[in-house]
Amino acid sequence: MKALMKGNEAIAEAALQAGCRLFFGYPITPSTEIPEYMARKMKTVGGSYLQAESEVAAINMAYGAAAAGERVMTATSSPGFSLMQEGISYIFAAELPVVIVDVMRHGPGLGGLGATQADYFQLTKGGGHGDYHPLVLAPSTVTEMVELTYEAFDLADYYRNPVILALEGISGQMMEPVEFPLYEAKKLPPKTWAATGIGHKPKVNIGSYTLSNEVGEAHNLHWEKKIEQIRASEQRFDEYLMEDAEYAFVAFGISGRIAESAVDLLRAEGIRLGLFRPISLWPFPVAGLDKRRNQIKGWLSVELSAGQMVEDVRLAVKGSAPVQFFGRQGGMTPEPEEVARVFKSLFADGGKRG
Amino acid sequence: MKAVFTKTKGLTDTPFHYCPGCTHGVIHRLTAEVLVEMDLLERAIGVAPVGCTGFCENYFACDMVGAAHGRAIAVATGVKRARPGSFVFSLQGDGDGAAIGLAETISAAVRGEKITSIFVNNAIYGMTGGQMSPTTLVGQKTSTSPYGRDRDATGQPLDLPLLVSQVEGAAYVASVSVESPKEIIATKKALRKAFAIQEAGLGYSFVSILSTCPTTWGMTPVEALAWLKTAMKPRFRMGELKAPTAKEVEQ
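Residues numbered from 1 in each chain as written. Chains lettered and ligands numbered in written order. Predicted model: local features only at pLDDT ≥ 70, side-chain atom pairs only at ≥ 80, totals over all residues. Heavy atoms only, no water.

Chemist: When you look at the sheet that holds strand 3 (residues 87-93) of chain B in this model, what are you seeing that I'm missing?
Modeler: Across a sheet, strands are paired by hydrogen bonds formed along the backbone, either parallel or antiparallel in direction. If you trace the eight strands from one edge of the open sheet to the other, you get 9(A)-2(B)-1(B)-3(B)-4(B)-6(B)-5(B)-7(B), paired in mixed fashion. The open sheet terminates on both sides in strands that have one partner only, identified here as strand 9 (205-206) of chain A together with strand 7 (239-242) of chain B. Relative to strand 6 (residues 204-210) of chain B, strand 5 (residues 170-177) of chain B runs parallel, the two sharing seven bridges. Within the sheet, the bridge partner assigned to Ser-175 of chain B lies in strand 6 of chain B and is Ser-208 of chain B. Set on the sheet, helix 2 (residues 72-82) of chain B makes contact with strand 1 (44-48), strand 2 (63-66), strand 3, strand 4 (116-121) and strand 6 of chain B; between it and strand 3 of chain B the angle comes to about 175 degrees. (Pairing = 2+ DSSP bridges. Helix = DSSP H or I, 4+ residues; strand = E, 2+ residues; numbered from the N terminus. Contact = heavy atoms within 4.5 Å. Axes fitted to C-alpha atoms, helices over the stretch in contact; angles between N-to-C directions.)

As structure tokens, then:
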């Protein structure tokens, strides 16, 4: 199937292609095209769409549907994502596969609808209580939104973990030509853990409380092991002109696209510059950055925030080269020329020294 | 020897943790008996709350899902939508269902969600050690209303079943209690009806059960039963508050 589609609609369609038959959501701009699409289409594929009374209810409905063993998705935007944090913590603890879309709007507070990546901390550091991590995937094109939505459902089922697709409002609203490759279901273990009734299997309890510290620690150690496994296996990134690069941008999502144009501008001036684009925000692709540690003389983290991912970049490159930050906030996006100018001002002769 | 009484197979062998004189155990047993008698146990998925009922996952012999505080009905909604063929019931106390989860309770009723909510009202937060809840009586002393619930500052007890009964999507609403064998029999009857309503797909069913908490009320079990009868019952509208007509059931 080939179409010209908004990012939000492409994610919704991809979810349906991936076998998602349950959607619970609450309208909030700029994510609303997702529930609207689901409201139109879910009926036609025999699924269930429900407009919840709040984001708090929506995430807990998703918890229930996942507990019953079905593929389920919810979508929201930053303030609603904040409201979902408690639920995501419970979903992690109960080890339930739920796919959540956060089409970011800028904050803090009610903020506005412009492009932003300021949910990075909340997305990647475990936005709710307790030690946990959802997998966080950040597409930068509508095509990639489709691919990562397919993958999100498989990853959620495989790890029994919440998976979040994070994109900027501008990406969710942007129309691009997109193709839907045939979704091929991965071979995944049957959901014997799910609450489906005791007719054909022993009773299950799904939950997350512990009455003793000993059991509590045992649970935490089990989760820690899973987190380590995901950290080792699921780092994703893309590179642009990194092979001979002496300097590099680090940027994800829409910033990745802007930074890519800035790379072209600076390359035309003879500066050997590349782009490292994290696709998994958690696990952060430290291995990919580490591989370039002895090669890159300066990094510039380009973000739509006051500087959040830059902290992870600094941790990953371990002081091997200066890591600078450039960001726009409050819904503003920089032009590639502005990014190029900032690069040159921060790295004085910008790599020409060679 | 002829067995004159056996424990229902709707309950596991895990001993209840409830305090002496607490009537939660009675309510669990009634619920489990009705699940078995109506042949629902194999298809049943229960949703446990946070609060004194929070450990009931281990007591019911069916599949159970534990919810966050106030979210049992949202979770039950998700379960039912995912498995429309299952029988789904939620259990909540008055703090869970009438305070933090009030929006979920009313919204499920609005949607006519085909689940059954069992609301255990003991007029106090028991698990956290006896704090004021939305159903605490005026003048009732709790650890957060040490001078008695003050009507001017904190209002009067919320009659949640009465409120739910005003919502069109609520098909069956009953307000019952368990302080005597007669009331226990009536409670079982209400549960049976509520479960039948869900099975018939008629809409949301809600059973409120007045229950004792001798520990946090500071009473003996006998005093607690008497207080339930003389102080609590007059404050809440009791009986079947809403039930489908015979014609509606037929349709």
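Chemist: Please explain the interface of chain B and chain A as it appears in this structure.
Modeler: In many analyses, interface size is given as the accessible surface area lost on bringing the parts together. Listed as interface residues are 33 residues of chain B and, on the opposing side, 33 residues of chain A. The junction of chain B with chain A conceals about 2500 Å² of combined surface from both sides, 58% of it contributed by carbon and sulfur atoms. Interface area lost by chain B to chain A is led by Asp-63, Arg-81 and Arg-83 of chain B, which between them contribute 22%. On the surface where chain B and chain A come into contact, there are three salt bridges. Between Glu-53 of chain A and Arg-111 of chain B there is a salt bridge; the shortest N-O distance is 2.9 Å. Counting the contacts that link chain B with chain A gives 19 residue pairs in polar contact (both at pLDDT 80 or more). For the side of chain B that touches chain A, the secondary-structure elements that each account for two or more residues are strand 1, strand 2, helix 2 and helix 4 (102-111) of chain B. Residue contributions to the side of chain B that touches chain A peak at seven residues, all from helix 2 of chain B. (Buried area = accessible area lost by both parts, 1.4 Å probe. Salt bridge = Lys/Arg side-chain N within 4 Å of Asp/Glu carboxyl O. Polar contact = N/O pair within 3.5 Å; in protein donor to acceptor, adjacent residues only side chain to side chain.)

Chemist: Explain the packing of aromatic side chains to me, please; I cannot follow it from the model alone.
Modeler: Each aromatic ring pair is characterised by the separation of its centres together with the angle its planes make. All names here are of chain A. Per the stated rule, a full pass over the model turns up 22 aromatic pairs over all chains. Relative to Phe-252, the ring of Tyr-120 lies with its centre 5.9 Å away and its plane at 35 degrees, an arrangement referred to as tilted. Of this pair, Tyr-120 sits in helix 6 (residues 120-124) while Phe-252 is found in the loop between strand 11 (247-250) and helix 10 (253-268), placing the two residues 132 residues apart along the sequence. Phe-252 shares its class with Tyr-120; the two are buried. Relative to Phe-343, the ring of Phe-249 has its centre 5.8 Å away and its plane inclined at 80 degrees; by these criteria the two rings are edge-to-face. Pair noted here: Phe-249 is in strand 11 and Phe-343 is in helix 13 (residues 336-346), with a separation of 94 residues, a long-range link. Like Phe-249, the residue Phe-343 is buried in the burial classification. Here the aromatic residues Tyr-247, Phe-249, Phe-343 and Phe-347 are joined through ring pairs into a cluster of three or more. Its end group placed over the ring of Phe-92, Lys-226 keeps NZ or CZ at 5.8 Å from the ring centre. (Phe/Tyr/Trp six-rings, centres within 6.5 Å; stacked < 30°, edge-to-face > 60°. Buried < 20%, exposed > 50% of the residue type's maximum accessible area, 1.4 Å probe, protein only. Lys NZ or Arg CZ within 6 Å of the ring centre and 35° of its normal.)

Bear in mind that shape data such as this cannot, by itself, settle questions of function.
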